[in-house]
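# Breakdown of the fold
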Amino acid sequence: MVENSMVEEAMDHVPRLSVGLPVYNGETYLPEALDALLGQSYPDFELIISDNASTDSTEEICRRYLALDGRIRYFRQPVNLGAAANHNFVVKQARGEYFKWASHDDLYGRDLLLRCVEALDAHPEVVLSHAWQAFIDAEGNIIYRVDYRLATDSPRAPDRFRDMLFLQGGDDFYGVMRADVLRRTPLHGTYHHAERTLVAEMGLYGPFYQVPEVLYFRRDHPDRGERASTKRQRAANFDPKRADRLRNPVARLLVEYIWGYVSAIQRAPLTPSDRLRCYEHLVRWVASRALPGSSRRIGQSPDPALQGRGRTDRRRIPILMRSDHRR
């Protein structure tokens, strides 16, 4: 009788954190990412994997791990929905108070989830918590560490918004977020750089917290989605329909990108003066984007200036996997 009660309690348990991992043809790096996530020191989470109709061995890998760990929920899409819809799918499946997107090709320090959840618990005004990051290569060697210079911890929404427009920093899109705040946004759009407008909107609802430890390892490799060479190719990765040149000219993608910021300002709970300041920052940013070379981003190629400010480290990062999930 006691054993049955314990089983029922386990089945009814709702984890505090939901980690959503959308993946498409991720066989090369997926096992490492799963080991790093399942080996986290913070155990109270569910891992929601949405396989976007992969054609490689992704499904086989996911089902093998599904049999090993009861925290995994695996979904296989019948057709390729596009990255945006696949990202939004895992949010809609999430049950936790907190939510985090995870990438199939990145790695995660053992205490990443623990430190981020602790920060959100300790600071109720914070809407997103992440950690310092380093870029790694295909083999897992640290290429450089990123200096986080954004004032996203400011109590003033216009200051947070300004820095997310003008400065480069960490990938807060992969931070641990308050799920109820995330759901107040339109989630991931399908236009050019839709993930940036989403993070900026989160910043309009409250400050971020950066854990002062390098716990997030972003992998840079030739097949990385952000390396798509054109705006249309990046948008088509979000939604295959965006590949249509007639219906989705570059001008439309850019207008939708800017409008993403405008609509975020409109939705956010800002005072009239703060709203005006955000619009002013946006106008200045749009004007600045017309300058030559303004489109150069880390997502396309490593920024030499950023590498100069960061610390280069060619060491192999520590293996932080649980032994019972190794192949």
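For the structure, check the block above.
Here goes a summary of the coordinates provided. Please read these numbers as outputs of a predicted model, since none were measured by experiment.

Within the chain, the regular secondary structure consists of twelve helices and nine strands. Counting across all 327 residues of the chain, residues that qualify as buried make up 55%. Of all intrachain contacts in the chain linking residues separated by at least 6 positions in sequence, the fraction that spans at least 24 positions is 77%. Put simply, the chain shows about 15000 Å² of open surface, and 54% of that area lies on carbon and sulfur atoms.

Evaluated as defined, the whole model comprises 21 salt bridges. The salt bridge partner of arginine 277 is glutamate 280, with a shortest N-O separation of 3.5 Å. With arginine 277 and glutamate 280 both in helix 11 (residues 272-288) and three residues apart, the pair spans about one turn of that helix. In the salt-bridge network here, residues are joined through shared partners; they are Asp51, Glu59, Arg63 and Arg76.

On to the packing of aromatic side chains. A full pass over the atoms with the stated rule returns eleven aromatic pairs. An angle of 10° between the planes, with centres 4.5 Å apart, marks the rings of tryptophan 101 and phenylalanine 173 as stacked. One end of the pair, tryptophan 101, is in strand 4 (residues 98-101); the other, phenylalanine 173, is in the loop between helix 6 (157-166) and strand 8 (176-178), with 72 residues separating them in the sequence. Across the pair, exposure class does not vary: tryptophan 101 and phenylalanine 173 are buried alike. Ring centres of phenylalanine 161 and tyrosine 261 lie 6.0 Å apart, and the angle between their planes is 80°; on these two criteria the pair is classed as edge-to-face. Of the two residues, phenylalanine 161 is situated in helix 6 and tyrosine 261 in helix 10 (residues 250-267); the sequence distance between them amounts to 100 residues. The rings of Phe99, Trp101, Tyr108, Phe173, Tyr174 and Tyr216 are connected pair by pair, giving a single aromatic cluster.

Of all hydrophobic cores here, the largest spans 62 residues; its most connected members are Leu17, Leu21, Leu47, Ile49, Trp101 and Leu182. Top element by residues in this core is helix 2 (residues 30-38). It accounts for six residues. Ignoring sequence-local partners within four residues, the contact set of isoleucine 49 consists of Leu21, Val23, Leu34, Cys62, Ile72, Arg73, Tyr74 and Phe75. Counting 20 residues, the second-largest nonpolar core is a separate cluster that includes Tyr191, Ala194, Phe238 and Cys278.

What follows deals with the environment of arginine 218. Its place among the elements puts arginine 218 in strand 9 (residues 208-219). The class for arginine 218 is buried, based on a relative accessible area of 3%. Placed 82 residues apart in sequence, arginine 218 and isoleucine 136 show a C-alpha to C-alpha distance of 6.0 Å. At a separation of 3.3 Å, a polar atom in the side chain of arginine 218 contacts the side chain of aspartate 106.

Contact geometry for helix 6 and helix 8 (residues 194-205): axes closest at 8 Å, N-to-C directions at 165°. As judged from the angle between their axes, helix 6 and helix 8 are roughly antiparallel. The hand of the helix 6/helix 8 crossing is right-handed. Mapping the contact onto sequence places Ala157, Arg160, Phe161 and Met164 in helix 6 and Val199, Ala200, Gly203, Leu204 and Tyr205 in helix 8. Counted by class, the contact of helix 6 with helix 8 contains seven nonpolar, one polar and one charged residues.

Tracing the backbone shows alanine 179 in helix 7 (residues 179-182). With a relative accessible area of 4%, alanine 179 lands in the buried category. Along the primary structure alanine 179 and tyrosine 98 are separated by 81 residues, whereas in three dimensions their C-alpha atoms are 5.0 Å apart. When sequence neighbours within four positions are dropped, the list of residues in contact with alanine 179 reads Gly96, Glu97, Tyr98 and Phe99.

The next thing to look at is the pairing of strand 1 (residues 17-23). Most of strand 1 is tucked away, with seven of its seven residues classed as buried. Side-chain alternation along strand 1 places Leu17, Val19, Leu21 and Val23 on one buried face and Ser18, Gly20 and Pro22 on a second face that is also buried. In terms of strand pairing, strand 1 meets strand 2 (residues 45-51) through seven bridges, oriented parallel. What sits directly across from valine 23, in strand 2, is aspartate 51.

Cut-offs used in this document
Residues numbered from 1 in each chain as written. Predicted model: local features only at pLDDT ≥ 70, side-chain atom pairs only at ≥ 80, totals over all residues. Heavy atoms only, no water. Helix = DSSP H or I, 4+ residues; strand = E, 2+ residues; numbered from the N terminus. Buried < 20%, exposed > 50% of the residue type's maximum accessible area, 1.4 Å probe, protein only. Contact = heavy atoms within 4.5 Å. Areas by Shrake-Rupley, 256 points an atom, 1.4 Å probe, with all protein chains shown as cover. Salt bridge = Lys/Arg side-chain N within 4 Å of Asp/Glu carboxyl O. Phe/Tyr/Trp six-rings, centres within 6.5 Å; stacked < 30°, edge-to-face > 60°. Core = buried A, V, L, I, M, F, W, Y, C linked by side-chain atoms within 4.5 Å. Polar contact = N/O pair within 3.5 Å; in protein donor to acceptor, adjacent residues only side chain to side chain. Axes fitted to C-alpha atoms, helices over the stretch in contact; angles between N-to-C directions. Parallel < 35°, antiparallel > 145°, perpendicular 65-115°, else oblique. Left-handed = near helix turned anticlockwise from the far one by under 90°. Nonpolar A, V, L, I, M, F, W, Y, C, P; charged D, E, K, R; others polar. Pairing = 2+ DSSP bridges.

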